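Fold and geometry: a report
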2 protein chains.
Amino acid sequence: MLAVFGHTNPDTDAISSALVYAHLLTRLGVPAQAYRLGDLNFETAFVLRELRMEAPPMLPALAAGTPVALVDHNESGQSAPNIAELTVTRVVDHHKLGDLTTSQPPFLRFEPVGCTGTILLKLHREAGLDVEALDAKLMLSAILSDTLHFRSPTTTQDDRDAVAFLAPVAGVTDVEAYALAMFAAKSDLGDTPAAQLLKMDYKVFPFGEPAQQWGVGVIETTNPAYVFGRKEELLRAMDEARAEDGLNGVLLSVVDILNETNRTFVLSATEEKVLREAFGVEATDGVADLGNRISRKKQIVPTLERYFAPEA
Amino acid sequence: MLAVFGHTNPDTDAISSALVYAHLLTRLGVPAQAYRLGDLNFETAFVLRELRMEAPPMLPALAAGTPVALVDHNESGQSAPNIAELTVTRVVDHHKLGDLTTSQPPFLRFEPVGCTGTILLKLHREAGLDVEALDAKLMLSAILSDTLHFRSPTTTQDDRDAVAFLAPVAGVTDVEAYALAMFAAKSDLGDTPAAQLLKMDYKVFPFGEPAQQWGVGVIETTNPAYVFGRKEELLRAMDEARAEDGLNGVLLSVVDILNETNRTFVLSATEEKVLREAFGVEATDGVADLGNRISRKKQIVPTLERYFAPEA
């Protein structure tokens, strides 16, 4: 049984794609089981409630050499704890290629599109398989989530085409209303502890040589006022994360989904200097206005990579 | 213009796949140009003569940041000299994933099949494009070459299906006769200097930690007697390669295509010991009989990797 899983701090694409790819592989004669590498966020919990589906189980400890399939990630730092000992036989992803290596020829399918779900739809069609309604709604939800319903600059025509194909199969007649319901669920953060809010959608990146380690969190929300109301708590959580994980810097971007803006919490003078020199923005009271740079993958991380890159 | 190229010491798949993928990308609206990273072998020269096609030009020096597409390889040691400075946007390959990384999400299409040509045929069909006769014959030739017309254990059902589809499109009515003509051309080594014979199909692999560097050459031939007639010269060329490239060991497998056997030239007691302990075979007069292990990728290199791997 092939274990299929997305990244740690799973989002809707990581969970949906694990479920959809495991089902697709099973239909193609490769028995597979989806797993998750962490708690569901509120958006993903909403999507699974809508579908009356159970969350995939947490990934158990896997023995060295166990074959696994990765979706929506490929870097070891975002994967199973002992990923280097496991046998990666398949990856479906839409991120840059990191430190993955394999000892045998793998199946790899990477495309520079907005969502893994978009690639999984292609795999169904290439295999000549119909798309079942549950899978359609999972892929649709993942694409709407990753692209913020086409608001993100990561959106491609393939993502739009996939949504146009999937919505009727999934029985979703008003796609924007469904997307807004997903985003509202994601924004209903309630009394989530600040440390958990910070790490909901959070990745650690190595920048430069010798590598600095930077934590970059994002909270995509339709209710930024709520997040700003918890700014002091979140700054404390960022400070703790920096100390605990031995990081050089920590940023937390509060992305206003509906207005497509990014105001980023800045922990200290270190981060202030980097944002000033890399993005040309000044922080005031621990907040830097990054304007419409709402994509960490496409707009924040590449700029930081260039800033920290050694001189050619 | 996207530069598309296969590995150094190009074989028929490396050359054919560069030509076919460049043409496919151009038809899909991504202007591309095929290049090669070395001289044609006799088999590939035969294929291009049959098709009255020019060889792709040698890859010129490319400025840092130039976008490139790789076919039939992904490891930096088998690629353009400054591959680490180039921007790899696409890879189509059927080898294990090595040290490749990218700074942006790439197109990657890896499948564990016998030949890159088999994957390129799928890309045509997925794009809804007809396969032109020249492209069909290039892909057909690559698949027959890489799989030794299905004799190699790397052969998959996908490769067989691709040949069945491509042969009529390419106008090849007797596939085995065409394959034998290719193999005869490959075996007509004439007065090729021994150093060149050794390096015709030759790769350097890192084994173990700290890594030992081993050169592993293969001569696939319908005329092994010719190669054995030049054994002393070839052993001298292997000794020179070891000294010049600072290698820990050098092996040269003489694969008899028609009888599906592998007799491997062994340079010294170092290689003798490794073959004894890894494969359980004894060398006599500098030759070890590796039986029907005719695939370097599937049968030689994995066994050496396991042999040199650090104890778990």
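Residues numbered from 1 in each chain as written. Chains lettered and ligands numbered in written order. Predicted model: local features only at pLDDT ≥ 70, side-chain atom pairs only at ≥ 80, totals over all residues. Heavy atoms only, no water.

This is how it is decided: UniProt positions are given in the numbering used here, feature names are shortened, and annotations may be inferred rather than shown by experiment.
Where an unreviewed UniProt entry is consulted, chain A appears under the name inorganic diphosphatase, with the organism given as Deinococcus ficus. According to its UniProt record, chain A has this under Catalytic activity (unreviewed entry): "diphosphate + H2O = 2 phosphate + H(+)".

1. Comments concerning the UniProt feature "domain: DHHA2" (unreviewed entry) in chain A
Where we set the bar: Only DSSP runs of H or I covering at least 4 residues are called helices, and only runs of E covering at least 2 are called strands; the numbering of each starts at the N terminus.
This chain's UniProt record puts "domain: DHHA2" (unreviewed entry) on residues 179–308 of chain A. Overall, residues 179–308 of chain A shows 46% helix and 27% strand. The separation of its end C-alpha atoms is 36 Å.

2. Some points on the interface of chain B and chain A
Stated precisely, the cut-off is as follows: By the convention used here, residues are in contact when the closest approach between their heavy atoms is within 4.5 Å. Throughout, the accessible surface (probe 1.4 Å) given up by two parts as they are put together, summed over both, is called the buried area. By salt bridge we mean one thing: a side-chain nitrogen of Lys or Arg within 4 Å of a carboxyl oxygen of Asp or Glu. N or O atoms closer than or at 3.5 Å make up a polar contact, with two conditions inside protein: a donor-capable atom paired with an acceptor-capable one, and, for residues adjacent in sequence, both atoms drawn from side chains. DSSP calls a pair of strands paired once it identifies at least 2 bridges connecting them.
Contacts between the two partners involve 22 residues from chain B and, on the opposite side, 22 residues from chain A. Considering only the surface of chain B that becomes buried against chain A, Leu97, Pro105 and Leu108 of chain B emerge as the three largest contributors, covering 29% of it. If you look at where chain B meets chain A, you find 0 salt bridges. At the boundary of chain B with chain A, the tally comes to 4 residue pairs in polar contact (both at pLDDT 80 or more). Of all the secondary structure elements, the ones that give two or more residues to the side of chain B that touches chain A are strand 5 (107–110) and helix 11 (296–308) of chain B. Examining the composition of the side of chain B that touches chain A, we find that 4 residues originate from one element, strand 5 of chain B, more than from any other. Judged from the 3 bridges that link them, strand 5 (residues 107–110) of chain A and strand 5 of chain B form a sheet pairing that is antiparallel. Residue phenylalanine 110 of chain A lies in a different strand from strand 5 of chain B, and its bridge partner there is leucine 108 of chain B.

3. As for the domain arrangement of chain A
Residues and elements named next belong to chain A. In plain terms, the rule: Where each domain begins and ends follows an automated or database-derived domain assignment.
Along its sequence, chain A is organised into domain 1 (2–185) and domain 2 (194–308). Centre-to-centre, using C-alpha coordinates, domain 1 lies 25 Å away from domain 2. Opposite the 15 residues of domain 1 that make contact, domain 2 presents 16 residues. In total, domain 1 and domain 2 occlude about 1500 Å² of area from one another, counting both sides; carbon and sulfur atoms represent 58% of this. Looking at the side of domain 1 facing domain 2, the largest losses of area belong to Asn9, Leu148 and Arg151, adding up to 33% of the total buried there. Viewed at the interface, domain 2 and domain 1 are joined by 1 salt bridge.

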